[in-house]
Amino acid sequence: MEFKNITPSELKKWIDEGRSFQLVDLRETHEFNFSHIDRAINIPGFKVLRKQLEEFKTDIPIVLYCKLGMKCMELYPIIYEINSEVYCLEGGIFQWKNEIEPCLDIYE
């Protein structure tokens, strides 16, 4: 298994190009409801740990993000089992905010 990252600028390019992928926010629901990256769906990390993986796509790349990237690294191997084309957003939503969307409010 090779751990793959995607930078915020690479992700922004994918979005701008209309590339087909699933963007998954692994944070808790209240954090997601406060703010999230456009196009993201929320699948909290506890669902992954319980192997509730039916919401994950298997036919397109998956991009995971959390607050800083730690939860992504922890859950990556579980999600990789169902889709080998999975990426973690470097630095999580904090790095996205700093590089791409500075007006985004983040639940801290």
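Here goes a summary of the coordinates provided. (Residues numbered from 1 in each chain as written. Predicted model: local features only at pLDDT ≥ 70, side-chain atom pairs only at ≥ 80, totals over all residues. Heavy atoms only, no water.)

What follows is about the overall build of the chain. When you go through the chain residue by residue, the secondary structure sums to five helices and five strands. The secondary structure elements of the chain, listed N-terminal to C-terminal, are β-α-β-α-β-α-β-α-β-α. Whereas a compact globule of 108 residues would reach a radius of gyration of roughly 13 Å, the chain reaches 13 Å, a difference of no more than 12%. Of all 108 residues assigned to the chain, the portion counted as buried reaches 42%. Nonlocal contacts in the chain, meaning residues at least 24 apart in sequence, comprise 63% of its contacts between residues at least 6 apart. With the model as given, the accessible surface of the chain reaches about 5,800 Å², and the carbon-plus-sulfur share is 49%. Averaged over its 13 positive side-chain charges, the chain has a centre that lies 2 Å from the centre of its 19 negative ones. (Helix = DSSP H or I, 4+ residues; strand = E, 2+ residues; numbered from the N terminus. Rg over C-alpha atoms; globule rule 2.2 N^0.38 Å. Buried < 20%, exposed > 50% of the residue type's maximum accessible area, 1.4 Å probe, protein only. Contact = heavy atoms within 4.5 Å. Areas by Shrake-Rupley, 256 points an atom, 1.4 Å probe, with all protein chains shown as cover. Lys, Arg positive; Asp, Glu negative; His and termini not counted. Charge placed at Lys NZ, Arg CZ, Asp CG, Glu CD.)

Moving on to the sheet that holds strand 5 (residues 86-89). Read from one edge of the open sheet, five strands run 1-5-4-2-3, paired in parallel fashion. Looking at strand neighbours, the two that pair on one side only are strand 1 (5-6) and strand 3 (40-42), the edges of this open sheet. Sheet topology places strand 1 next to strand 5; two bridges connect them, and they run parallel. Bridge assignment links I6 to a residue of strand 5, and that residue is L89. Those strands touched by helix 4 (residues 70-80) are strand 4 (62-65) and strand 5, and its axis lies near 170 degrees from that of strand 5. (Pairing = 2+ DSSP bridges. Axes fitted to C-alpha atoms, helices over the stretch in contact; angles between N-to-C directions.)

Moving on to the pairing of strand 2 (residues 22-25). Neither face of strand 2 is left uncovered, since the one carrying Q22 and V24 and the one carrying L23 and D25 both have all their residues buried. Summarising the sheet, strand 2 and strand 4 pair through four bridges and their orientation is parallel. Following the sheet pairing, L23 is matched in strand 4 by V63. Across three bridges, strand 2 lies against strand 3 in parallel orientation.

Taken together, the buried positions of helix 4 are occupied by C72, L75, Y76, I78 and I79. Tucked inside the fold, the buried residues of helix 4 contact helix 3 (45-49), strand 4 and strand 5.

One way to put it is that helix 1 (residues 8-17) packs onto helix 5 (residues 92-99) with a least axis distance of 9 Å and a crossing angle of 75 degrees. With respect to their mutual orientation, helix 1 and helix 5 come out roughly perpendicular. Residues P8, S9, L11, K12 and I15 of helix 1 form the contact with helix 5, whose participating residues are Q95, W96 and E99. Across the contact of helix 1 with helix 5, the residue classes tally to four nonpolar, two polar and two charged. (Parallel < 35°, antiparallel > 145°, perpendicular 65-115°, else oblique. Nonpolar A, V, L, I, M, F, W, Y, C, P; charged D, E, K, R; others polar.)

Turning to the packing of aromatic side chains, a few remarks are in order. This model, assessed by the stated rule, comprises four aromatic pairs. With a centroid separation of 6.0 Å and 20 degrees between ring planes, the pair formed by Y76 and Y80 is classed as stacked. Remark: Y80 and Y76 occur in helix 4; sequence separation between them is four residues, near one turn of the helix. An aromatic cluster of three or more residues is present, and its members are F3, Y76 and Y80. Between K4 and the ring centre of Y87, over which it is positioned, the NZ or CZ distance is 5.2 Å. Positioned above the aromatic ring of F21, the side-chain terminus of R39 is 4.2 Å from the ring centre. (Phe/Tyr/Trp six-rings, centres within 6.5 Å; stacked < 30°, edge-to-face > 60°. Lys NZ or Arg CZ within 6 Å of the ring centre and 35° of its normal.)

Structural measurements only, silent on function.
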